[in-house]
2 protein chains.
Amino acid sequence: MAKQKPSIPSGTRDFNPETVAKRRYIFETIRTVFEKYGYQPIETPSFENLSTLTGKYGDEGDKLIFKILNSGNLIADVSSQFFIPFMRELKDKDQEIISSVFDSKNPRENIYIEEFGEIFKPLLKHISERALRYDLTVPFARYVVMHQNEITFPFRRYQIQPVWRADRPQKGRYREFWQCDADVVGSDSLILEMELVRIYDEVFSQLKLPVAIHLNNRKILSGIAEAMNATDKFVDITIAIDKFDKVGLQGVRQDLHNKGISESQMQVLEKFFSLTGTEIEKLEKAEGLMGDSEIGKLGILELKNVLNYLSLSGTTNSEIKIDFTLARGLNYYTGAIIEVKPVTVQMGSLGGGGRYDNLTGMFGLDGVSGVGISFGADRMYDVLEDLKLFPEESLKTTQVLFVCFDEKGIEFALPLAQQFRKENISTELYPSAEKLKKQMKYANDKKIPFVIVIGDEEMKSGKLAFKNMNSGEQRLLSGDEIISELKK
Amino acid sequence: MAKQKPSIPSGTRDFNPETVAKRRYIFETIRTVFEKYGYQPIETPSFENLSTLTGKYGDEGDKLIFKILNSGNLIADVSSQFFIPFMRELKDKDQEIISSVFDSKNPRENIYIEEFGEIFKPLLKHISERALRYDLTVPFARYVVMHQNEITFPFRRYQIQPVWRADRPQKGRYREFWQCDADVVGSDSLILEMELVRIYDEVFSQLKLPVAIHLNNRKILSGIAEAMNATDKFVDITIAIDKFDKVGLQGVRQDLHNKGISESQMQVLEKFFSLTGTEIEKLEKAEGLMGDSEIGKLGILELKNVLNYLSLSGTTNSEIKIDFTLARGLNYYTGAIIEVKPVTVQMGSLGGGGRYDNLTGMFGLDGVSGVGISFGADRMYDVLEDLKLFPEESLKTTQVLFVCFDEKGIEFALPLAQQFRKENISTELYPSAEKLKKQMKYANDKKIPFVIVIGDEEMKSGKLAFKNMNSGEQRLLSGDEIISELKK
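1. Looking at the overall build of chain A
No. 1: From N to C terminus, chain A includes 20 helices and 16 strands.
No. 2: The C-alpha radius of gyration computed for chain A amounts to 30 Å, which surpasses the reference 23 Å derived for 488 residues by more than 25%, pointing to a less compact arrangement than a globule.
No. 3: By principal-axis analysis of the C-alpha atoms, chain A measures approximately 90 × 75 × 50 Å.
No. 4: When burial is assessed residue by residue, chain A has 57% of its 488 residues classed as buried.
No. 5: Long-range contacts, defined as pairs at least 24 residues apart, comprise 68% of the intrachain contacts of chain A with a sequence gap of at least 6.
No. 6: Of the roughly 21100 Å² of accessible surface on chain A, 48% is carried by carbon and sulfur atoms.

2. Description of the packing of aromatic side chains
Any aromatic ring pair is given by two values, namely how distant the centres are and how the planes are angled relative to each other.
Residues and elements named next belong to chain B.
No. 1: In this structure the tally under the stated criterion is 36 aromatic pairs over all chains.
No. 2: Judged by centre distance (6.3 Å) and plane angle (45°), the ring pair of Phe 34 and Tyr 39 falls under tilted. The same class applies to Phe 34 and to Tyr 39, which are both buried.
No. 3: Judged by centre distance (4.2 Å) and plane angle (40°), the rings of Tyr 57 and Tyr 134 are tilted. Of this pair, Tyr 57 sits in the loop between α2 (50-53) and α3 (58-63) while Tyr 134 sits in the loop between β4 (130-132) and α8 (137-146), and the two are 77 residues apart along the sequence.

3. Brief notes about the pattern of salt bridges
All names here are of chain B.
No. 1: Inspection of every chain in the model, using the stated rule, returns 78 salt bridges over all chains.
No. 2: Of the charged contacts, one joins Lys 304 and Glu 287 as a salt bridge, the two residues approaching to 3.3 Å between their closest N and O atoms. Of this pair, Lys 304 sits in helix α15 (residues 294-312) while Glu 287 sits in helix α14 (residues 279-289), and the two are 17 residues apart along the sequence.
No. 3: The class of Lys 304 is partly exposed, set by a relative accessible area of 22%.
No. 4: You can call Glu 287 partly exposed: its relative accessible area is 30%.
No. 5: For the salt bridge of Arg 475 with Glu 485, the shortest nitrogen-to-oxygen distance reads 2.8 Å.

4. Comments concerning the relation of the copies chain B and chain A
No. 1: In the superposition of chain B on chain A (RMSD 0.0 Å, axial shift 0.0 Å), the rotation amounts to 180°. What the superposition gives is, in effect, a two-fold axis relating one chain to the other. In terms of proximity to the rotation axis, the leading residue of chain B is Ile68(B), whose C-alpha is 2.2 Å off the axis.
No. 2: In this assembly, 100% of the residues forming the interface of chain B have copies in chain A that are likewise at the interface, indicating an isologous arrangement.

5. Section: the interface of chain B and chain A
No. 1: Contact residues are listed per partner, giving 118 residues for chain B and 118 residues for chain A.
No. 2: Each partner contributes to the roughly 10600 Å² buried at the junction of chain B and chain A, and carbon and sulfur atoms together form 59% of this total.
No. 3: Linking chain B with chain A are 8 salt bridges, by the criterion used here.
No. 4: Inspection of the region where chain B meets chain A yields 40 residue pairs in polar contact (both at pLDDT 80 or more).
No. 5: Of the residues forming the side of chain B that touches chain A, the biggest block, 8 residues, is contributed by helix α4 (residues 74-88) of chain B.
No. 6: For the side of chain B that touches chain A, the residue count by class is 54 nonpolar, 33 polar and 31 charged.

6. Quick word on the sheet that holds strand β15 (residues 464-468) of chain A
Residues and elements named next belong to chain A.
No. 1: Judged by pairing direction, the sheet is mixed, and its 5 strands sit side by side in the order β13-β12-β14-β15-β16 without closing on themselves. Unpaired on one side and paired on the other, β13 (427-429) and β16 (474-477) mark the two borders of the sheet. This sheet shows a mean twist of 25° between the axes of neighbouring strands, independent of strand direction.
No. 2: Across 3 bridges, strand β12 (residues 400-404) lies against β13 in parallel orientation. In the strand pairing of β13, Leu 401 is matched with Glu 428.
No. 3: The strands touched by helix α20 (residues 479-486) are β12, β14 (450-454), β15 and β16; relative to β15, the strand with the most contacts, the crossing angle is about 20°.

Procedures and definitions
- Residues numbered from 1 in each chain as written.
- Chains lettered and ligands numbered in written order.
- Predicted model: local features only at pLDDT ≥ 70, side-chain atom pairs only at ≥ 80, totals over all residues.
- Heavy atoms only, no water.
- Helix = DSSP H or I, 4+ residues; strand = E, 2+ residues; numbered from the N terminus.
- Rg over C-alpha atoms; globule rule 2.2 N^0.38 Å.
- Buried < 20%, exposed > 50% of the residue type's maximum accessible area, 1.4 Å probe, protein only.
- Contact = heavy atoms within 4.5 Å.
- Areas by Shrake-Rupley, 256 points an atom, 1.4 Å probe, with all protein chains shown as cover.
- Phe/Tyr/Trp six-rings, centres within 6.5 Å; stacked < 30°, edge-to-face > 60°.
- Salt bridge = Lys/Arg side-chain N within 4 Å of Asp/Glu carboxyl O.
- Least-squares fit on C-alpha atoms with pLDDT ≥ 70 in both.
- Buried area = accessible area lost by both parts, 1.4 Å probe.
- Polar contact = N/O pair within 3.5 Å; in protein donor to acceptor, adjacent residues only side chain to side chain.
- Nonpolar A, V, L, I, M, F, W, Y, C, P; charged D, E, K, R; others polar.
- Pairing = 2+ DSSP bridges.
- Axes fitted to C-alpha atoms, helices over the stretch in contact; angles between N-to-C directions.

Below, the structure written as structure tokens:
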């Protein structure tokens, strides 16, 4: 085997023990809250049939799906089974195009290369028919349809798994990253929207990360377009106002002006943005602005119900904000739209979600309403790290290291170490009789908080030198005394 | 979007909530024991550079590596950037081979197809330069070399992640499955072998699954070959005796006879298999059979030390068995060889491992000794399922469901449900006012142990109908009384 300088693919990461522990702290917090609200975990395979994924994420998305080669022995297998027979059966016209593209003396122009690509397209399924999971939503829809007869609806599920996208890697954007989704399908009750807001509130409260939870409703967006008398420009309007955060009111004005929204239409829109009062009051005022829009009024009513359920079930730590600019791409939301933003740091959203009416329709199961949220674990990690919010407790590693200087010491320490482990104390014995300095450096590097030194004196007296690595304090204690000390 | 009947790729699995909970029980048991012995978690990316993986698993292994397409837009990108330029620059001889293979009127024979494959081999790196993780060992070696300056040795790491193999799927063999590995690198202390045996013992004790832990040493196998005066047939001998379990002594005899082992050599070998007494006594008798073999005696000494450390550190629940037939493929073990087998059911090994001397050498870092073990999580799952050893506790889901009959009931239940959750009781409120029967069926299907029914009477009196779904018993209690009941 040739020696090689190892590296990992761009956009992927190794996680060292400290990072795994911190990530685990985030995932376990989310998981515990999900379960407290009755959400149950499922897991789906890392790769799906390519046909399950293609056509679900738009043309751009399709290009970012990581496809897996069918055969470990690609060239030989594809060639002999598909490529060669395929070439032998090509029509004369296609043969001619290929020959001319390959011709080194007189090559054809690019237009032929496109035709060339078209000719070979039928080969693709022989090269790849599986692909890595791109998100957790489409596999969930596929799961619900496949297992509909085993599932009791409403089905509350959560899923915490990695997804892969062939995006250009950049700071904070990875080709392998984790999604944490909770969805309920099979009920259109607004109780569920309320619970999902509570889940956000509880997770971020536990993480001690102050957030604002923004709420909107797709129906209100429709209503605003109706009130503006601009339903034909619905998509333009929502795309424009979704950028309010970044470009401000002037930016939105400019954008909509370019899209043909008149000044009087713009004035109707601006009224929605300038509403004041409590969140309920804002909704009531917005209702007055809706004019004849039935859908808009329905959206207002839905949000009022969610706020009412929230207040009935108690206070939240997070700020709840009605936000008529919130659209979140709109690709499939039909009701509530939810987004979480940190309030003490400047950073994009930490999660979002909403109500969708026909997720499973793509796999032939119609009429299943759902609502769900997602946590952006990688961004949460960055914020918690910036704000130094990972608790010491989450990084707990080995509690105590036995340090010995000879084989006799090791043999003395062995039964003690085992006794400590019986008491569920995470314990190491330095596996060889190295110099004290080296063993202490090991404890330091690994952030082991306590060290027990086994020298000749200690073995004679049974009183062991028990050192607190943080304070430097050292005491002579028996094994049992140390155990009760550590279990305090 | 066209509707499609969904399916998943063969060899992969969906895990439903119950299965996820059971798997989690296994993983958490293993994880907790690993950490109790000071092992720390790392995680590596799901895909590695193809060059990191190829050449590490033999020719057969290489074919089973799942390779990922470089481009989402394969045909167009590969064609325009590589295929067409490549074809234009082919030598005349290769051009001729290709033309003749493609010729539909007068196609060439298979020999040309092989040449054809050779011609296209250089294209492979443009098609795929990443591949899914095939095991956790090579990525670990790659990790140690890449991060050697951040790591304090001896480095105890564990890793619980899925791996992928393009094996033919069959019962119990999947294309996506999970490995749970613990390894220490940077120390040749036999204390570590002892600890790994203890980890096996502790995990299977906690799972209440009786196992035997088999121990051997590669040096003893070398010693046996020397004692037989058949060092030239070392590989044949170990392959043959590794099958002792399946084919019995007669099978081994036959196999070795075919490989040219004489009757007198066979008699030397058989003496090793017929040793009796305690495990230590077997080792001592085997030492007597080693003759002049220094390496064999060293292997005996190593195993005796491991047994000595084991007995010093206390009793084990598992049977510890010296087993001179154990070889485990031998691909890279240099010292101890370990394997775990269930004792109450007929099934293959549940895990194995051993000492290897130069794992990181393939990435240019020599002289790092390591020892490690692996748990076969999928097989453990099957055994625990067969023996009904998953505890009820591991399947805990929602604890209590609030059942309401109208909006008023729901509004009454909302603050109560939230109070329950504050007490860390996993609580659901059926999200709409359905018939009692439907809501009870939901609780049954989801195995929710307690139901609280909110009717008009209950709202008036504040005493709620608290039903135990297992016993059928129903009592009228206040919310606070139910909380203290549930927290018992």
